[in-house]
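Summary of structural features
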Amino acid sequence: MSSTSYIDVRDVVKVYETATGGVTALRGVSFTVDKGELAVVMGPSGSGKTTLLSIIGGLDRPSAGEVYVDGQPIHKMTSRQLDEFRRRNIGFVFQFLNLIPKLTAYENIYIPMVARGVKDGKKRIEYIADALGIANKLDRLVEELSGGEQQRVAIAAAVAADPPIIIADEPTAELDGETIERIMDFFMELKSGGKTIIIATHDPRVSRKSDKIIVLEDGLVRGVYRGGELTTSEVAVKGYRDYLRRRLMEIDDELRLLGERYKRGELSIDEFHKRYNRLREIKAFLEDELKFG
Ligand SMILES: Nc1ncnc2c1ncn2[C@@H]1O[C@H](COP(=O)(O)OP(=O)(O)O)[C@@H](O)[C@H]1O
Ligand SMILES: [Mg+2]
């Protein structure tokens, strides 16, 4: 069977084989994403977000089910076909950054462009770096940059070669509110240019700007919500609000854990404050979203 949706995920199951037996990460996940859509995947830790993004991007294969991207059945591709598919179609922003620490930011962004044969890269890199607020960091070694700066270099590297699909796994986890706004403006600009973007995130500042929110829970789709639908459909609102409440409880746990780690001397006071403030910031937004969502 073929597909008419741009990205079509059908009954995808993923079982990881481990030494102690199989771990089921996805239990039959289905949804579609249209061309030019910004879709967000939300869900608690361990719900299957990273697994799902890896499968859509052709980095990993489903154990069962079908995945069509631009009409191509990627679940049927050989490894070589998948490599070629990824090179042509996908820009990845990984949670665990796929940057080379001993190279400069510029070099890290340039490499994927060379791989895709993009000419006249300098202007484009400068433009992207400026949009992301890292123009003055381009000649620094990646290992010398802060987590938030590295995260933006990773975004720049993912989009540099102008892939039609951008897949980003928690790309704003290390960023402050102002920078998140900036990154979202950049993603919106890419979207206006016809790119399709899928982002796994916990951050309502990201999901608020999306066309579609896919909420995962324990390897299943708990709901698919349209950005504009959230305030009109009671059912959608309820599911989303449940999700927000659970995430708030998760953040309270994370705050408690952070305090314990600090008391045990596992974190410096600076690191503690940084993480504490970030969690408080997200918590405030979630509470805000619950009030008005
Ligand atoms: N390589 C792996 N081997 C075994 N289990 C895995 C592997 N990757 C993920 N898992 C398990 O699959 C489930 C979903 O994980 P993941 O996709 O990383 O979720 P999320 O990104 O939402 O936190 C979790 O139970 C996780 O422990
Ligand atoms: Mg993940």
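Below or above, wherever it landed, is the structure these notes cover.

Calculation criteria
- Residues numbered from 1 in each chain as written.
- Chains lettered and ligands numbered in written order.
- Predicted model: local features only at pLDDT ≥ 70, side-chain atom pairs only at ≥ 80, totals over all residues.
- Pairing = 2+ DSSP bridges.
- Helix = DSSP H or I, 4+ residues; strand = E, 2+ residues; numbered from the N terminus.
- Axes fitted to C-alpha atoms, helices over the stretch in contact; angles between N-to-C directions.
- Contact = placed C-beta atoms within 7 Å.
- Expected span 1.5 Å × (residues − 1).
- Buried ≥ 20, exposed ≤ 12 C-beta atoms within 10 Å, placed from the backbone.
- Arc of directions from axis to C-beta.
- Near = placed C-beta within 6 Å.
- Nonpolar A, V, L, I, M, F, W, Y, C, P; charged D, E, K, R; others polar.
- Core = buried A, V, L, I, M, F, W, Y, C linked by C-beta atoms within 7 Å.

**Some thoughts on the sheet that holds strand β8 (residues 196-200)**
Pairing is mixed in the open sheet, where 6 strands are placed in the order β6-β7-β8-β3-β9-β10. The open sheet has two edge strands with one neighbour each: β6 (90-93) and β10 (220-226). The mean inter-strand angle of the sheet, taken between neighbouring strand axes irrespective of direction, is 15°. Sheet topology note: the strand β3 (residues 38-42)/strand β9 (residues 212-217) ladder contains 4 bridges and is parallel. Looking at β9, one finds that Ala39 is bridged to Lys212. Strands in contact with helix α6 (residues 177-192) are β3, β7 (165-169) and β8; relative to β8, the strand with the most contacts, it is inclined by about 150°.

**A closer look at the sheet that holds strand β2 (residues 21-33)**
Strand order in the open sheet formed by 4 strands is β2-β1-β4-β5, with antiparallel pairing between adjacent strands. Across the chains shown, the open sheet's two edge strands, defined by having one partner strand only, are β2 and β5 (72-73). Sheet topology places strand β1 (residues 7-18) next to strand β4 (residues 64-69); 5 bridges connect them, and they run antiparallel. Its bridge partner lying in β4, Asp8 is registered against Tyr68. Each of β1, β2 and β4 is contacted by helix α1 (residues 49-56), which is oriented at about 120° to β1, the strand it contacts most.

**Re α6**
What sets the pattern is the α-helix's 3.6 residues per turn: residues three or four places apart point alike. Over its 16 residues, α6 runs 23 Å from end to end, which matches the ideal 22 Å to within 8%, given 1.5 Å per residue. Looking only at α6, the buried set comprises Ile180, Ile183, Phe187 and Leu190. Down the axis of α6, the buried side of the element spans an arc of 75°, and every buried residue falls inside it. For α6, the exposed residues lying more than 90 degrees away from the buried face are Glu178, Glu189 and Ser192. Close packing links the buried residues of α6 with β3, α4 (121-132), α5 (147-159), β7, β8 and α7 (204-207). Phi turns positive one or two residues past the end of α6, at Gly194, with a value near 95°.

**A closer look at the environment of Lys119**
Residue placement: Lys119 occurs in the loop between α3 (105-115) and α4. Sequence separation between Lys119 and Ala161 is 42 residues; the distance between their C-alpha atoms is 9.6 Å.

**Looking at the site of ligand 1**
Contacts to ligand 1 come from Tyr16, Thr18, Val23, Ala25, Gly43, Ser45, Gly46, Ser47, Gly48, Lys49, Thr50 and Thr51. Looking at the shell around ligand 1, the elements with two or more residues in it are β1, β2 and α1. Per-element accounting of the shell around ligand 1 gives the leading share, 3 residues, to α1. The residue makeup of the shell around ligand 1, split by class, is 3 nonpolar, 8 polar and 1 charged.

**Things to note about unusual backbone geometry**
Not every positive phi belongs to a glycine, and Asp11 is a case in point at roughly 50°. Mapped onto the fold, Asp11 is located in strand β1.

**Remarks on the pairing of β2**
Here β1 runs beside β2; their pairing, made up of 10 bridges, is antiparallel. The residue bridging Lys14 from the neighbouring strand is Leu26, located in β2. Between β1 and the antiparallel strand that follows it, β2, lie 2 residues.

**Thoughts on the nonpolar core**
With 65 residues, the main nonpolar core has Ile56, Ile109, Val153, Ala156, Ile167 and Ile198 as its most contacted residues. No other element matches α5, which puts 7 residues into this core. Excluding residues that lie within four positions of it along the chain, Ile167 makes contacts with Leu53, Ile56, Gly57, Ile90, Phe92 and Ile198.

Just distances and angles here, no functional claims.
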